[in-house]
Structures are given as structure tokens and as C-alpha cells.
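A closer look at the structure
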Amino acid sequence: MDNKTKVGIVGTGFIATGVAHMIMQSNDFELSWMFTRRPIDSIDAPSIPKRQLTNSLNQFIDDSDIVFECSGDAIHAAEVIFEVAKTQKKIVTINSEFHVTAGSYFSRRGVYLTEADGDQPGCLARLDQEVRGMGFQPLAYVNLKGFLNPDPTFEEMTYWSEKQKLALSQVVSFTDGTKLQIEQSFVANGLGATIAKEGMIGATISKLEDLDYLVDAAREKNAPISEYLLCPGSPPGVLIVADNPIADLCPGYLPFSRLRTTEDKAYILLRPYHLVHLESLNTLRRVVIDDAILLNNSVSPRITVGAVAKKSMNPGEQIKHGAGGFDVRGKAVEIRHHPDAVPVCLLRNTPVIRHVAPGQLITFDDVDLAQNRALECYLDSLTDYSVTKISNCI
């Protein structure tokens, strides 16, 4: 096929490699470059030709029609996307960490920046479009999980990192709940929802019909809520709990009645899978035809993911990793209540300058944050709030 759309990928990890394989097997896309910070000779990806790896950001941008950012690194992504945005090229991501930290900066400036189908936020956004088209009114956007351990050990995580062939930080973030706090905060901002409480409810249930408590929480908030739940044996997907006054007119109709919660308070729309990079080309094809953005962090985010200390830390110590480390975990909080909360994805080799107790939400005054583009972008999103002092940043 002539005139293939050239897609450049930021990253060389699991998702990036998967997206590259999809592109190389397609008839309508062409892989231009994979941009990496690592020495090219050090990258062990036999299925990716070395000639398509580059350390040159300018070359990468110039030779790409669409940029696909999936590094999983909020700080790196902000730098790259800032440069891509100058060219007005369209940007697709699988990177919730970037969106909840820096994404609103670009949304405010009209950049075509969208999360892709495939990961839980993109899947919830696409399901939202589908169910709204059928007259459903969402009450809760839910991320399904089977297991969490808020304080995993280094030995445990190293074992699973090697077994699953994923970066240690990724495995830790998945396990301690930081990743889902990030994803559901992104969903809340992007789909106009809120959270029922700090850190979300996160109930454990035995069957998926037991979701009446989510209906009650949404009605108490008078807004849809973004949530997660633990349901051992549930499919690794997403669901939306919703009202539908038209379906209510047919209470005995079996296809409708099978969707009801235990107490018949609402309907449950389940998408029982998320296939990450396998779904990415669906988004790219919509981007090519100038379809609307699927999901971004909105121009006025209300939820951020703060960092909660896992242990006591004293001045002079360093937080090595925010998202995916053993010093802190992420927690969804409302910005209006915690405008001084440090986004967990900004913490990396960050010096502690005041004593931090276990369970404490870390503020800008507790650490000496490095100045970078992601921090600048996040502070830009605070202009809707009354922030009188962020002494170590401004």
C-alpha cells in the first residue's frame, strides 16, 4: 500500500515493542523510528531492526507523521511531547503516568494528544462512548483487579520482574496499587468524574453484581465516580455502572435484567479484557481520519496522585522511585484539598529535606524536587487553585 502513515514510537519496552510489531505487520502504517535514551547496542530486541532505533529526537520527530509515546515515564514523556507539540503533529499515548502529571498542560494549549485504546483508561473511555450512545448514564468507571499488596518486598518483586520480563518499577507499581491510582485518576479527570474518597474505596467483592455501594457513592457525590475493585477470579477488564431510564421501562426483558446490580439499582456494562498494544492500531486509524480525541487529562484536572510514604524518612535520604519504588506509593486525592501534594511520578532520586512519617502524604516542602518540564507542566495545572506557597518549586 502506497503512502503509508509513518509512526514513530517513544520507548523500547514491552508496550513499545508490541506496538512496533503491530505497525510492521499492518498494511497502512510504517514504523519510522523508535526513540530511545539508551545506547542502541545495549537494546536486546531481536525482532526490532537496529536500523530503526535512534537517539536523535530531531530525526525521530522529522521522520514521523504521528508520534506514539509509551515510555511509561512521565518526566521523559513531557520533554519529548513538548518538542513534538511544536510541530503540531498528532500524539497518541499509552502513558497514564504522563497524563496525570503533565498532560493537562498540553490539553490547555489545544495539542492533539490522546490516550490509546488498550490500557484500562482507554478501554473505559471507549466503553463510555459506547454505553452513552445506548442511553446509559455512567455512575462509576471501574478498574478490575484480582490482587494488591501495598508493601511488597524487594525479593518478591525481583522474582516477578524476572518471571514476567517486565521492569522492576512496573511490577512494583502494579502490585502496590500505584498504577491503578494513576489510571483511575486519569479516568476521573478525562471523563468528568470524581473519587468517592481519598485513595478510592477499593472494595473486595465475591461477585460482580455486588456493586450497589458504587451507585450509592455516586449519588451521594452527585457525580460519576472513578473506582477500582478487587474480585478474585474476575476477568482482567473494566466495567461501567450506569443508569438507563429507557431500559428501566422493560424490567422483565432478560438481556436488560441480566445486567442489573444485586439490588437492581443500576446496570453493569462489562468489557472483560484489555489487550494493550493489540488495540493500538484502532486508535491510530481513527487519528488518521481526524477522529475526536479519545481521552486526555482535561484542561482543568481535579484529581492528582500524591505520594504516601511507605516508611519513615529523614532529611538527607532520597526517594529513589516514586511510582514503582519501595519508598512511597501513589494515592488519588483531590487537588483542591491537597494543592501542595507532590505528584508521585515526579519523585526520582529526590532528596528528603524534612522528616516524613509512614503514611504521610508528601508535600512540596518535604522534598527538594528537580526542576524539569513535567514539574513545570504540573504547576501550570494548579492555576485553577489557591496555591500560596510551593517554596521548592517556584
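Above this text is the structure in question.
Residues numbered from 1 in each chain as written. Predicted model: local features only at pLDDT ≥ 70, side-chain atom pairs only at ≥ 80, totals over all residues. Heavy atoms only, no water.

1. Quick look at the packing of helix α4 (residues 96-108) against helix α8 (residues 178-190)
At their nearest, the axes of α4 and α8 sit 9 Å apart, and the two run at 55° to each other. The orientation of α4 with respect to α8, classified from their angle, is oblique. Between α4 and α8 the crossing geometry is left-handed. Counting all contacts with α4, which are made through Ser-96, Glu-97, His-99 and Val-100, the residues of α8 involved are Lys-179, Ile-182, Glu-183, Ser-185 and Phe-186. Taken together, the residues that form the contact of α4 with α8 break down as three nonpolar, three polar and three charged. (Axes fitted to C-alpha atoms, helices over the stretch in contact; angles between N-to-C directions. Helix = DSSP H or I, 4+ residues; strand = E, 2+ residues; numbered from the N terminus. Parallel < 35°, antiparallel > 145°, perpendicular 65-115°, else oblique. Left-handed = near helix turned anticlockwise from the far one by under 90°. Contact = heavy atoms within 4.5 Å. Nonpolar A, V, L, I, M, F, W, Y, C, P; charged D, E, K, R; others polar.)

2. Thoughts on a nonpolar patch on the surface
On the surface, Tyr-273, Leu-275 and Leu-278 cluster together into a nonpolar patch covering about 270 Å² of accessible area. Along the chain, Leu-278 falls in the loop between β10 (267-271) and α11 (280-288). (Patch = residues over 30% accessible without salt bridge, like charges linked within 9 Å, V, L, I, M, F, W, Y side chains within 5 Å. Areas by Shrake-Rupley, 256 points an atom, 1.4 Å probe, with all protein chains shown as cover. Salt bridge = Lys/Arg side-chain N within 4 Å of Asp/Glu carboxyl O.)

3. What about the sheet that holds strand β7 (residues 137-145)?
Reading across from one edge, β8-β7-β9-β10 is the order of the four strands in this open sheet, with mixed pairing throughout. A single partner strand is all that each edge strand has here, and the edge strands are β8 (225-230) and β10. The mean angle between the axes of side-by-side strands here comes to 25°, regardless of whether they run parallel or antiparallel. Of the strand pairs in this sheet, β7 and β8 are connected by six bridges, and their pairing is parallel. The partner of Leu-144 across the bridge, within β8, is Leu-229. (Pairing = 2+ DSSP bridges.)

4. Describing the side chain of Arg-126
For Arg-126, the position within the fold is in helix α5 (residues 120-133). Under the relative-accessibility criterion, Arg-126 is labelled buried at 10%. Not counting residues up to four positions away in its chain, the partners in contact with Arg-126 are Asp-117, Arg-286 and Leu-294. (Buried < 20%, exposed > 50% of the residue type's maximum accessible area, 1.4 Å probe, protein only.)

Just geometry here; none of it tells us what the structure is for.
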